Amino acid sequence: MDVRLTTEQRELRDAAARLADDLGPGSVLDLADDDRAARLEKAIAATGWRTLRSDGASGVEVALVAEEFARGLIDVPFVGPVLADDLYARLTAAGEPAPEGLETAAAGAATVAVDGIAVDAKGLRGLLALEGTQVLAGGVGVTVEGVDLTRLTGEVAGPLTAVGELDAEAALRWHALALVATAADMLGAARGGQALAVEYAKVRQQYGHAIGSYQAIAHLLAEALALVEGSVSVLRHAAWAVDELSAVEAVQAALVAKVYTERAARTICETSIQVHGGIGNTWECLAHVFLRRVLTSAELFPASLEEIDLGLS
Amino acid sequence: MDFRDSPEEAAFRARLRAWLAEHAGEFKASGDDYWHQAGRWHTALYEGGFFGLSWPKRFGGHDLAPVYDVILDEELAIAGAPPRPSLGYLAHGLGRHASEEVQQRFLPGMINGTERWCQGFSEPGAGSDLASLTTRAELDGDEYVIHGHKIWTSYSDVADLCLVLARTDPDVPRHKGVSGFIVSMHQPGVEQRPLKMINGVSAEFGQVVFDGARVPAANMVGKPGDGWKLAMTVVGHEREPSTLGFSARYGKLVRSLAQTADAAGGKVPDDLRWAAVQAEMLRLHVRRRLSEQLDGVTHTSDGSLDKLLMTWVEQSVGHAALAVTGTRDRENLEAYLYSRAQSVMGGTSQIQKNIIAGRILGLPTS
């Protein structure tokens, strides 16, 4: 047993973190900066990380990039394209030529549609969807800003066409990866919200002292850090399990990770708003942007307590 | 990255499982019976070759990686056997701060179970604020004479030796005037007083009153004034993941509660499902922390995060026990009541949060 990240995984994580720190939005105002977003899009397209799966990367690598991107509120697509790429990789795994309709997916320019909505669709033309074990392809229509200020959703343009079939196990593994990627997204956003609050608590003064020196504030932030660490541990296992355990076990590990991380991430983001006081309840403070990202990633491929296996036959 | 056992780990687990099937049955895992049998259990584990796994060979240990302690803890929980006697933090304290001579004299007996130990740190007036302790040790020839009152002393009624923190110099700043001693419990001037806890168990904790007990100066751990460093090592190790390893019992308790709920035909309460998720989190968290130790990272403030997570899990499982059987099942009620101590023992949750805030998050102190 050795569950440390490999050197390559640490380097990937650090590279994703640097990119997010350099080009992610540092403020709510930055979200409207199209030049920055264009530079970010160019930089991420150049990394090739949207096609990590067809390049043979494991669920761990996908989770690490998703986490760092959400921590930096990356406002161009990643989770959507990487899930589309996983479907594409599974359809072409046997070395068969790509079926018709997968051209955009092959180029890393497709996202996925869930319940008739193209998620994480900013600037993307194509989409794939999994219904049962059938893979469908189509195009992205009009995109709109939703609850999440960092990601756009789109209409599904026109009818979808069937482009292939996965076996039941592959479909389960894809679902496990979707749970893991969205859980990693929640964890990253929560870490971003936590860091924002810790920095604020060090500089905001009341009664002549930094508010972080008061136990009422300090203990909230300490609890939030413990929740981060618990989430990291449970998610690391689920990300590994996507490719290493049986498909059923992989889904179960992913459900556990998502249920835990969802509660943790929401609590952490609520703490961040509380520590920011009145400012935390204003639109201009990034705290709610992290929370919004957590809420949308929770609803995308949801996991519920009822699905947790208690070992009952 | 691999969460599975290596071939060596799997072979160890299989050997242990076979041994437990043969030997664990006669030992109780909880209640006063467990505490009364704890010495025999320690000896049985040691003689089976399953105690002191990660401790140095020269003191009777096995020099294995800490992960073997966790495998042991998991298998003990699965078998329904008692937990591993928790002496790791005392062994680490002596290993780091005692002279070679003191280590040679005391560690083998601690590890093989021929000498039973307890820890005399807390006092009625010195709980979270341990440095305010007032037990004093005064030099008289080549012996120290000890006066003071210790509390929350696990195993005190059966212990042969006690690691006592006492003030040797009242005239220096309080952290600097404390020293550690290895004191015999079998002498006049040592009085036992049992403590009955809220779960009804009275064999776990005791109070010890030292009234003129004597200890050779050679039994001091380190030098005069080294006691605070010793204390920090010991309490730091009390929060380490390999000490949290017995967390596997939470998973087992959760599964048994699920069967109880299921057999009663009712809905499985959400409290129980949430406890199951948390117990699984802790199982995986211990694996991550132990893996990090392979990089040589040990015994940092991160232990406070681990302790806090473990406390939340234990108390969630306690709430689940209450949700499933209410006050009707005595064992489940006692598990719930016992869980309340977890946020106090080994440093309260509030103290852990102070440590996390100050040393990890770098928040200012007022």
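Visitor: Looking at this structure, how should I read empty space enclosed by the protein?
Guide: Over the atoms a probe the size of a water molecule is rolled, and this reveals where empty space is left. All names here are of chain B. Inspection of the entire model under this criterion finds 3 cavities of 30 Å³ or more. As for the second largest cavity, its lining consists of Ala 38, Gly 39, His 42, Pro 85, Leu 87, Glu 115, Arg 116, Trp 117 and Tyr 155. Here the element with the most residues in the lining of the second largest cavity is helix H2 (residues 31-48); it accounts for 3 residues. Taken together, the residues of the lining of the second largest cavity break down into 5 nonpolar, 2 polar and 2 charged.

Visitor: When you look at the side chain of Asn 332 of chain B in this model, what are you seeing that I'm missing?
Guide: Residue and element names in this part refer to chain B. Tracing the chain through its elements places Asn 332 in helix H11 (residues 330-339). Accessibility expressed as a relative area gives 10% for Asn 332, which makes it buried. Side chain to side chain, Asn 332 and Thr 325 meet in a polar contact 3.1 Å long. With residues up to four places along the chain from it excluded, the contact list for Asn 332 reads Leu 253, Leu 257, Ala 321 and Thr 325.

Visitor: Would you mind going over the nonpolar core with me for this structure?
Guide: Proteins that are soluble and globular tend to have nonpolar side chains buried together. Formed by 194 residues in total, the largest nonpolar core has its most connected members in Leu 94, Trp 117 and Leu 163 of chain B. Tallying contributions element by element places helix H6 (residues 168-203) of chain A first for this core, with 19 residues. Contacts of Trp 117 of chain B, omitting those with residues within four sequence positions, involve Leu 87, Leu 90, Leu 94, Phe 106, Met 110, Ser 154, Tyr 155, Ala 159, Leu 161, Leu 163 and Ile 182 of chain B. Residues Cys 118, Ala 137, Cys 162 and Phe 210 of chain B belong to the second largest nonpolar core, which totals 17 residues.

Visitor: Looking at this structure, I do not really get the packing of aromatic side chains. What am I missing?
Guide: What characterises a pair of aromatic rings is the spacing of the ring centres plus the angle enclosed by the ring planes. Evaluated as defined, the whole model comprises 14 aromatic pairs over all chains. Centroid distance Phe 106 of chain B to Trp 117 of chain B: 5.9 Å. Interplanar angle 90°. Geometry classified as edge-to-face. Note that Phe 106 of chain B is positioned in helix H5 (residues 100-112) and Trp 117 of chain B in strand S1 (residues 117-120), a separation of 11 residues in sequence. Across the pair, exposure class does not vary: Phe 106 of chain B and Trp 117 of chain B are buried alike. Of the aromatic side chains, those joined through ring pairs into one cluster are Phe 12, Trp 19, Phe 27, Trp 41, Phe 50 and Tyr 68 of chain B. The aromatic ring of Trp 274 of chain B is capped on one face by Arg 263 of chain A, whose charged end is 4.0 Å from the ring centroid.

Visitor: Just checking my understanding: could you explain the packing of helix H8 (residues 247-275) of chain A against helix H9 (residues 270-293) of chain B for this structure?
Guide: Helix-helix packing is characterised by the crossing angle of the two axes and by the distance between the axes. At a minimum axis separation of 10 Å, H8 of chain A and H9 of chain B run at an interaxial angle of 100°. The angle between H8 of chain A and H9 of chain B places the two elements in the roughly perpendicular class. Packed against H8 of chain A, whose contacting residues are Val 256, Val 259, Tyr 260 and Arg 263 of chain A, the element H9 of chain B presents Trp 274, Val 277, Gln 278, Glu 280 and Met 281 of chain B at the interface. Among the residues making up the contact of H8 of chain A with H9 of chain B, the classes are represented as 6 nonpolar, 1 polar and 2 charged.

The rules behind these values
- Each chain has its residues counted from 1, running along the sequence as written.
- Starting at A for chains and at 1 for ligands, labels are handed out in the order in which the entities are written.
- Since the coordinates come from a predicted model, pLDDT governs what is reported: local features require at least 70, and pairs of side-chain atoms require 80 or more to be given and counted, while whole-chain, interface and lining totals use all residues.
- Remark: hydrogens and water are excluded; side-chain values derive from all non-hydrogen atoms of the structure.
- Points on a 1 Å grid, built from protein atoms alone, make a cavity when a 1.4 Å probe fits but cannot get out and make a pocket when they are open with protein on both sides within 12 Å along at least 5 of 7 lines; residues with an atom within 4 Å of a point are the lining residues.
- Grid points are joined across faces, edges and corners, and a volume is the space filled by probe spheres set on the points.
- Helix numbering and strand numbering both begin at the N terminus, where a helix is a DSSP run of H or I of at least 4 residues and a strand a DSSP run of E of at least 2.
- Basically, the charged four are Asp, Glu, Lys and Arg, the nonpolar ten are Ala, Val, Leu, Ile, Met, Phe, Trp, Tyr, Cys and Pro, and anything else, Gly included, counts as polar.
- Only protein chains enter the calculation, and the probe is 1.4 Å; a residue is then buried if its accessible area is under 20% of its type maximum, exposed if over 50%, and partly exposed in between.
- Polar contact criterion, stated in full: a pair of N or O atoms within 3.5 Å, where within protein one must be able to donate a hydrogen and the other to accept it, and residues adjacent in sequence count only if both atoms are side-chain atoms.
- Contacts were defined at the residue level, with two residues in contact if any of their heavy atoms lie within 4.5 Å.
- Residues belong to one nonpolar core when they are buried, are Ala, Val, Leu, Ile, Met, Phe, Trp, Tyr or Cys, and are joined through side-chain atoms within 4.5 Å.
- When the centres of two rings from Phe, Tyr and Trp lie within 6.5 Å, Trp using its six-membered ring, the rings pair. Their planes under 30 degrees apart give stacked, over 60 give edge-to-face, and anything left gives tilted.
- Here, a charge over a ring is recorded when the distance from Lys NZ or Arg CZ to the ring centre is within 6 Å and its angle to the ring normal is within 35 degrees.
- Geometry is summarised by axes, namely lines fitted to C-alpha atoms with helices restricted to the contacting stretch, and by angles between N-to-C directions that run from 0 to 180 degrees.
- We call two directions roughly parallel when the angle between them is under 35 degrees, roughly antiparallel when it is over 145, roughly perpendicular when it lies between 65 and 115, and oblique otherwise.

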